[in-house]
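# Overview (structure and organization)
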Amino acid sequence: MTRSMQVLTDPLRVGRLLAAVALVLLLAFPLLTDDAYYQNMVILSLVFAVGASGLNIITGFAGYVSLGQGAFIGLGGYTIGALATRFESVSPWLWVPVAGVVAAAVAVLLGLVSLRSRGPAFVIITVAFLFLVQVVAINWVSVTNGTAGLTLPLPSWDREIINLPFYYALLAILVIQLLMTWWIRRTKLGMGLIAIREDETKAATIGINLPVEKIIAFAASSVFVGMAGAVYGYYLTFIDPRGMFSILISVQIILSLLIGGKATLWGPVLGAFLIEPLNEIANNSFGGGNMRLFLFGGLLMAVVIFMPKGVLPAVESLLHRRRTAGKAGLVGARIGPGGSLTSLTERAGRAEPVSRGPGAAPLLEVAGLTKHFGGLKAVDGCSLTVPEGSITGLIGPNGSGKTTVFNLIDHTIRADSGDVTFAGERIERLPSWERAHRGIGRTFQITRLFGEMTVLENVVAPQRSFSWQQLGRIAVSGPEADRAEELLEFVGMRAFRDQRAHALSYGQQKLVELAQILMLDPRLILLDEPAGGINPVLVERMGEMIRELNSFGTTFLIVEHNMPFVLALCDPIYVLARGATMASGTPSQIRTDPAVIDAYLGDDFQLEQEAAT
Amino acid sequence: MTQLIQNLILGLLLSGVYALVAGGLTLIFGVMRVINIAHGAFLILAAFITYSLWSALGIDPLLGILVTTPVIFAIGWVTYKTVAAPLRTAPMASTVLLTFGLALVLEAVMGTIWGNNSTAIRPGYGDESFTVAGLFLPKAQVYGGLVAVLVLLALGLILTRTWLGRAIRATSVNPDGAALVGIKVTAVAALVFALGIAAAGAGGAIVGVLYPFVPGAHYQWIARLLAIVVLGGMGSMRGAVLGALIFGVGETLTSAYVSPSWATAVPYAIVFVVLLIRPQGLLGTRLRADAVAA
């Protein structure tokens, strides 16, 4: 492949070139034509581009599908309408930023009340929200003038250039909106939002403060949309509840986002400029009304069924395939030999090696932990103590409640009762992310990486503590990324850093998940079957890594069925049966405990052990 | 007092219609985990078909249910096969978008065929009333409510007394398990989708007699239906009936004694509040959510 061909198929270069051309065209557009029809079309496209780009933050990044986005355009329009008709001596432009603040404030309110609902319930809430706002606009006559609507003062400038100020104001808002989207995508905040989209429960366990991140996303997704709505209202000079809060505006916004491509920077803009002309044609050439419904309804169905990813991602993956054609895929590559942690620790600034053992002070204490699912007692008064610096094992038959104990310790599910004490602090009332901030890291039995994120992004996603500055920190390059690469080197997965996580094998995912939680600098790591489902060489490597991390002071609590692995690694060991701890002790005590052999190990286990010695 | 009793009876009769239509919506959700936003559109479609049967052929609208319902059932089955089948594995938020798109298309189809003007079905008994003990009960509402309860009972019998009903309930609890014991899950899903939509169809024929309608009325209907289903707990038949009782009586009393201009907001407010405070509904129970992931 020649160099020029490579330039042509590099998505980044092609994208930048196209974006530059598009920007120049947009800047020059009003000077090229004074046809009001086309000017109107482009102005509306800009409004929808801002709307869709805002929606992208909450829907594309955070994964919350909203059919209420049009409400923020309407709120912006009503803000400028209500204020401009009241204070006629002031320029209406002054109210544009105010409209942004109003929209963001209402969005935060919506975000606050809908923190507990996900998926389809959230979509329905957003529709209900849109209709409620419309009902308020109809009935709050003193402010909105009801169904009669509001007429704004006519623009004061020369009729020759009547559309230009609206046009350039919208273009400026779109540029700011896109800069914000671009910035968010590269920060810890953006990683957190995408993590929420991919797996919200898991996101909480790696320290992501769900309510704060979602509220920020709600505000960010609406502030510029409210401003664009204000400019749009001023441009129309007449606003009424049916027009401003029509569900079809929301439909057009979400269509623009879906067709262009969710979670991409330019997709929503592309989509908006594709859909609005179609909308105009349906309105002007086919009599609007039913034709518009056919267009929007049909497109919505077609996009969901045939093109769930949208145009831009489809083109991108096509270019990618062209570029990598004939080159060996990395997914089949070998896992690296793994780096030494000693070299890592100097740079990462870890503590000196410490040796603490079973006799040390308890790091984690669980007492009387209970969880019932209906009539099933999954965990029934489980108590255990993990000494600081130990590698503690937790074994027991299938269904004895081991994973549920993990879920209760990191609050993936809520305990019915019981105390959890970590480093001397009671934590049973804390949410998952606060527990992660205190130093609890946890892997899952079936790995739960964020499939659509790259390996590197998965490892930079965790948040060690909560601070507003940290949310704004760039995650995909700089010190955060360097650290993540070191950890990937340690687990031997550095060569895979740009692969999407869902393309990895199960064993590879286990290694990446370990690197991911190491990013939390955990004092205690909960491993759920680290040796399950992976080949013997990897099991051995896993054991080495656990020992090495432990030699630097990290405490472990391990659930595992591979008995030689547990007996060689863990001390003390707890045995769980029917949701309660039935025995505990050193490996040799457990191995010979008649009750444990009866409940879990079985007679032949003892025979094998004797034969081996 | 008489006024109140009369309103209560009318509310109960209305609840019967709501229960029937919401039952269809919750049935589809229970088996397929699809929130069919087009449910209200199918209801209005049935009202228009009933209207055409009545105005062109003179078929009594309530007897016409015997024709309308199978027609809507067939439309539902075809819709499932062409549009909804791929949804069984799609994320639920996209199924909401898809059925919303379907609702828009149906609205456009109805607007094209029947026009966007208000349409009403006025059979001979449309203006007559029963007068019982000083109560004044319009015949259309009494017949409509009773027919709705009859159809709902028939649906209930299908679900509890037949092999198909057991297959449907098994599939709704655990599709994989149902497939393992020899239930053809895709066929059951198609039947359920069609049955649920047929329930909307039967309800639509009755609604057409009770109120004038336009294609765009489906928004109002889906809002009511979602409020009812969400109240009772999504996927629960008994919950839908309970939700319909509360909503139907509540709505009748609200429009009689409170300002009707805010009455349109009631269903949206219910959806909003219930999903926030008790997402599982009144009768729903929270299921163990972690076992799926583990």
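Just so it is clear, the structure is predicted and the values come from calculations on it, not from any experiment.

## A closer look at the environment of V142(B)
Residues and elements named next belong to chain B. For V142, the position within the fold is in helix α5 (residues 139-161). Given a relative accessible area of 14%, V142 falls into the buried group. For V142 and L14, which are 128 residues apart along the polypeptide, the C-alpha to C-alpha distance reads 9.0 Å. Excluding anything up to four places from it in sequence, V142 contacts L13, F130 and L137.

## Thoughts on the interface of chain B and chain A
Counting from both sides, the interface comprises 38 residues of chain B and, opposite them, 41 residues of chain A. Joining chain B to chain A, the criterion identifies 0 salt bridges. Applying the counting rule to chain B against chain A returns 1 residue pair in polar contact (both at pLDDT 80 or more). Elements with a contribution of two residues or more to the side of chain B that touches chain A: α4 (92-114), α9 (218-232), α11 (260-263), α12 (265-277) and α13 (290-293) of chain B. By residue number, the principal contributor to the side of chain B that touches chain A is α4(B), which donates 16 residues. Of the residues belonging to the side of chain B that touches chain A, the class tally is 27 nonpolar, 7 polar and 4 charged.

## Brief notes about the sheet that holds strand β8 (residues 440-442) of chain A
Residue and element names in this part refer to chain A. With respect to topology, 6 strands assemble into an open sheet ordered β8-β9-β10-β5-β11-β12, the strand pairing being mixed. A single partner strand is all that each edge strand has here, and the edge strands are β8 and β12 (580-585). Neighbouring strand axes in the sheet, compared pairwise and without regard to direction, differ in orientation by 20 degrees on average. Relative to strand β9 (residues 524-528), β8 runs parallel, the two being bridged by 3 bridges. Considered in β9, the bridge of I440 is made with L524. Packing against the sheet, helix α27 (residues 594-601) makes contact with β5 (391-395), β11 (573-577) and β12, and its axis sits at approximately 125 degrees to β12.

## Considering the sheet that holds strand β4 (residues 376-387) of chain A
All names here are of chain A. Within the open sheet, the 4 strands sit side by side as β4-β3-β6-β7. Their pairing is antiparallel. Where the open sheet ends on each side, the last strands, each with one partner, are β4 and β7 (425-426). Alignment of strand β3 (residues 362-373) against β4, held across 9 bridges, turns out to be antiparallel. Opposite P362, over in β4, you have P387 as the bridge partner.

## Observations regarding the side chain of T555(A)
Residues and elements named next belong to chain A. Looking at the element boundaries, T555 is found in strand β10 (residues 555-559). For T555, the side chain forms a polar contact with the main-chain nitrogen of G389, separated by 2.8 Å. With residues up to four places along the chain from it excluded, the contact list for T555 reads L363, V386, P387, E388, G389, S390, R523, L524, I525 and N550.

## What to know about the domain arrangement of chain A
Residue and element names in this part refer to chain A. Domain annotation for chain A reports domain 1 (3-320) and domain 2 (341-612). The C-alpha centroid of domain 2 is placed 43 Å from the C-alpha centroid of domain 1. Contacts between the two partners involve 27 residues from domain 1 and, on the opposite side, 33 residues from domain 2. When domain 1 packs against domain 2, the two sides together hide about 2,600 Å² of surface, and 64% of this comes from carbon and sulfur. A per-residue breakdown of the area domain 1 buries against domain 2 is headed by K188, K202 and I206, which together make up 28% of the total. Where domain 1 packs against domain 2, one counts 4 salt bridges. For E513, the salt bridge goes to K202, with nearest N and O atoms at 2.9 Å. Here domain 1 and domain 2 share 17 residue pairs in polar contact (both at pLDDT 80 or more) between them. Considering each element in turn, the side of domain 1 that touches domain 2 owes the most residues, 7 residues, to helix α9 (residues 188-198).

Analysis parameters
- Residues numbered from 1 in each chain as written.
- Chains lettered and ligands numbered in written order.
- Predicted model: local features only at pLDDT ≥ 70, side-chain atom pairs only at ≥ 80, totals over all residues.
- Heavy atoms only, no water.
- Helix = DSSP H or I, 4+ residues; strand = E, 2+ residues; numbered from the N terminus.
- Buried < 20%, exposed > 50% of the residue type's maximum accessible area, 1.4 Å probe, protein only.
- Contact = heavy atoms within 4.5 Å.
- Salt bridge = Lys/Arg side-chain N within 4 Å of Asp/Glu carboxyl O.
- Polar contact = N/O pair within 3.5 Å; in protein donor to acceptor, adjacent residues only side chain to side chain.
- Nonpolar A, V, L, I, M, F, W, Y, C, P; charged D, E, K, R; others polar.
- Pairing = 2+ DSSP bridges.
- Axes fitted to C-alpha atoms, helices over the stretch in contact; angles between N-to-C directions.
- Domains from an automatic or database assignment.
- Buried area = accessible area lost by both parts, 1.4 Å probe.

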